[in-house]
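Spelled out from the first residue to the last, the chains are:
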Amino acid sequence: MTVPRANGRYALPRPFLKWVGGKTQLLPELMKRVNMVGDFGRYHEPFLGGGALFFELYRAGRLKRQAYLSDNNPRLIEAYEGVRDEVEEVIALLNRHKRLHSEEHFYRVRAKVPKTLVERAARVIYLNKTCYNGLYRENSRGEFNSPFGRYKNPVVCDEDNLRAASKALQKTKIESRHFQMVAEYAEAGDLVYFDPPYYPVSVTASFQGYHKGAFGEDSQRLLAEVYTKLAARGVHVLLSNSMTDFVRALYKDFTLDSVQASRAINSRADRRGKISEALVRNF
Ligand SMILES: C[S@@+](CC[C@H](N)C(=O)[O-])C[C@H]1O[C@@H](n2cnc3c(N)ncnc32)[C@H](O)[C@@H]1O
């Protein structure tokens, strides 16, 4: 779990974006399984989002070889590239957004995707920190559409964490691509962590607003095929998903543990709370 520093703040780096399905709650359970593997080769995280496990592994000194980070949301990937390659410029732009911050400024920034990579990176981080619920959502045209969030003092620019994240990302490969491409890169002895959009527990619980193009049953089946292929190759594969009959059937040939996680992504407060999630491993 994230360990607070002596001064009461959390050890850095941590995710610099708040993402739907963020895995901070589940980190102790995920780390317990990674520790079963011992040393591994390269690390692959093909559904990157906020990258909670990547940062945790970095802090724990578990990344001895290169990390391959990817997601099919190009805006998200640009934010990582900006933080990795131009963190001081991203910080300067975020401080500018912070000074100008208002509802009007938020909608002006939301309306326009700027030209340069650093501007785009700062835009995504600024909108993520100031939008309603802090969640990045896109409409069917792939445009960011979360409304303004009414926070008194949003932390638009956590300079220490951005610099620490930049350092952690220095030797990583970061790509915008479909998860199935991991099959081209992962080799025997590597570790892959799949954290896909979860298969819905019920129709109303479904949340697939990450990106245009939902992650339906066909995508879940394709993912299970890729999982099986990697496992046969001798790759260590860890996956999280909802604890449902559908998921149990897809991964029946592997070890499936039930773990408890708290869920905040539900508009009805009475439905928040502990739910069971599945962790699938082949080791
Ligand atoms: C559950 S989130 C990952 C959360 C992340 N583990 C964290 O700690 O924040 C799922 C991610 O998968 C991405 N995604 C959805 N469909 C994808 C696909 N076909 N290929 C690659 N990434 C995809 C989404 O953009 C989203 O960032």
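Located above this text is the structure these notes cover.
Residues numbered from 1 in each chain as written. Predicted model: local features only at pLDDT ≥ 70, side-chain atom pairs only at ≥ 80, totals over all residues.

Asker: Let's hear about the overall build of the protein chain: which residues, and what values?
Answerer: What the protein chain contains, in helices and strands, is 10 helices and 7 strands. Residues classed as buried in the protein chain amount to 38% of the 283 residues present. Summarising the internal contacts of the protein chain: among those between residues at least 6 apart in sequence, 74% fall at separations of at least 24. (Helix = DSSP H or I, 4+ residues; strand = E, 2+ residues; numbered from the N terminus. Buried ≥ 20, exposed ≤ 12 C-beta atoms within 10 Å, placed from the backbone. Contact = placed C-beta atoms within 7 Å.)

Asker: Account for the nonpolar core, naming residues and giving values.
Answerer: A general trend in soluble globular proteins is that nonpolar side chains are found buried together. In terms of nonpolar packing, the biggest core is built from 71 residues, with V83, V90, I125 and V192 touching the most fellow members. A domain-level breakdown of this core finds at least three residues from each of domain 1 (24–72 + 177–281) and domain 2 (79–164). Not counting the four nearest positions on each side in its chain, V90 is found in contact with G82, V83, V118, A121, A122 and L162. (Core = buried A, V, L, I, M, F, W, Y, C linked by C-beta atoms within 7 Å. Domains from an automatic or database assignment.)

Asker: How would you sum up the site of the ligand? Please name residues and give values.
Answerer: Taken together, 22 residues surround the ligand, and among them G21, F47, G49, G50 and A52 come closest. Considered class by class, the residues forming the shell around the ligand number 10 nonpolar, 9 polar and 3 charged. (Near = placed C-beta within 6 Å. Nonpolar A, V, L, I, M, F, W, Y, C, P; charged D, E, K, R; others polar.)

Asker: Tell me about helix α1 (residues 27–37), residues and numbers included.
Answerer: Where α1 is concerned, the buried positions are L30, R33 and V34. Buried residues of α1, seen end-on, are gathered within an arc of 100° and therefore sit on one face of the element. Exposed residues pointing more than 90 degrees away from the buried face of α1 are listed as P28, K32, N35 and M36. Positioned one or two residues after α1, G38 has a phi angle of 75°, which is positive. (Arc of directions from axis to C-beta.)

Asker: I'd love a proper account of the pairing of strand β2 (residues 67–71), names of residues and values included.
Answerer: Burial within β2 is extensive, with 5 of its 5 residues counted as buried. In terms of strand pairing, strand β1 (residues 43–45) meets β2 through 3 bridges, oriented parallel. Directly across from E45, in β2, lies its bridge partner L69. The β-α-β motif built from β1, the intervening helix α2 (residues 52–59) and the parallel element β2 has right-handed crossover chirality. Two strands pair when backbone bridges link them, and β2 and strand β3 (residues 173–176) are joined in this way by 4 bridges, in the parallel orientation. Within β3, the position partnered with L69 by the bridge is I174. (Pairing = 2+ DSSP bridges. Right-handed = clockwise from strand over helix to strand, strands pointing away.)

Asker: How would you summarise the environment of I91 if you had to cite specific residues and measurements?
Answerer: Along the polypeptide, I91 turns up in helix α4 (residues 87–100). Along the sequence, I91 and A122 sit 31 residues apart, while their C-alpha atoms lie 7.6 Å from each other. Excluding residues within four positions of it along the chain, I91 makes contact with C157, E159 and L162.

Asker: Give me helix α6 (residues 117–130): which residues, what numbers.
Answerer: For α6, built from 14 residues, the straight-helix expectation of 20 Å at 1.5 Å per residue is met to within 8% by its first-to-last C-alpha distance of 20 Å. Each element contacted by the buried residues of α6 is listed here: α3 (74–85), α4 and α5 (103–111). (Expected span 1.5 Å × (residues − 1).)

Asker: Describe in detail the packing of α4 against α6, supporting the description with residues and values.
Answerer: It is at 9 Å that the axes of α4 and α6 come closest, and there the two elements cross at 50°. When the interaxial angle is binned, α4 and α6 end up oblique. Crossing handedness for the pair α4 and α6: right-handed. When α4 is examined against α6, the residues E89, V90, L93, L94 and H97 are found in contact with a partner set consisting of V118, E119, A121, A122, I125 and Y126. Split by residue class, the contact of α4 with α6 holds 8 nonpolar, 1 polar and 2 charged. (Axes fitted to C-alpha atoms, helices over the stretch in contact; angles between N-to-C directions. Parallel < 35°, antiparallel > 145°, perpendicular 65-115°, else oblique. Left-handed = near helix turned anticlockwise from the far one by under 90°.)

Asker: Residue-level account of the packing of α1 against α2, with values.
Answerer: In the contact formed by α1 and α2, the axes pass within 11 Å of each other and the chain directions differ by 60°. Classed by the angle they form, the pair α1 and α2 counts as oblique. In this structure, α1 meets α2 at a crossing whose hand is right-handed. Taking contact as the criterion, the partners of L27, L30, M31 and V34 in α1 are, on α2, A52, L53, E56 and L57. Residue classes in the contact of α1 with α2 are distributed as 7 nonpolar, no polar and 1 charged.

Asker: So what's going on with unusual backbone geometry? Which residues, and what values?
Answerer: Here the residue pair L12 and P13 is connected by a cis peptide bond, since its omega of 0° sits within 30 degrees of zero. Relative to the helices and strands, P13 is located in the segment before α1.

Asker: Help me get a handle on the environment of E104, residues and values and all.
Answerer: Topologically, E104 is positioned in helix α5. Note: C-alpha distance between E104 and F148 (44 residues apart in sequence) is 9.2 Å.

Asker: Kindly report on the environment of N241, identifying the contributing residues and their values.
Answerer: Of note, N241 is situated in strand β5 (residues 236–242). Residue class for N241 comes out buried when judged on the 24 C-beta atoms lying within 10 Å of it. Residues within four places of N241 in sequence aside, it is in contact with P196, Y198, Y199, V247 and A278.

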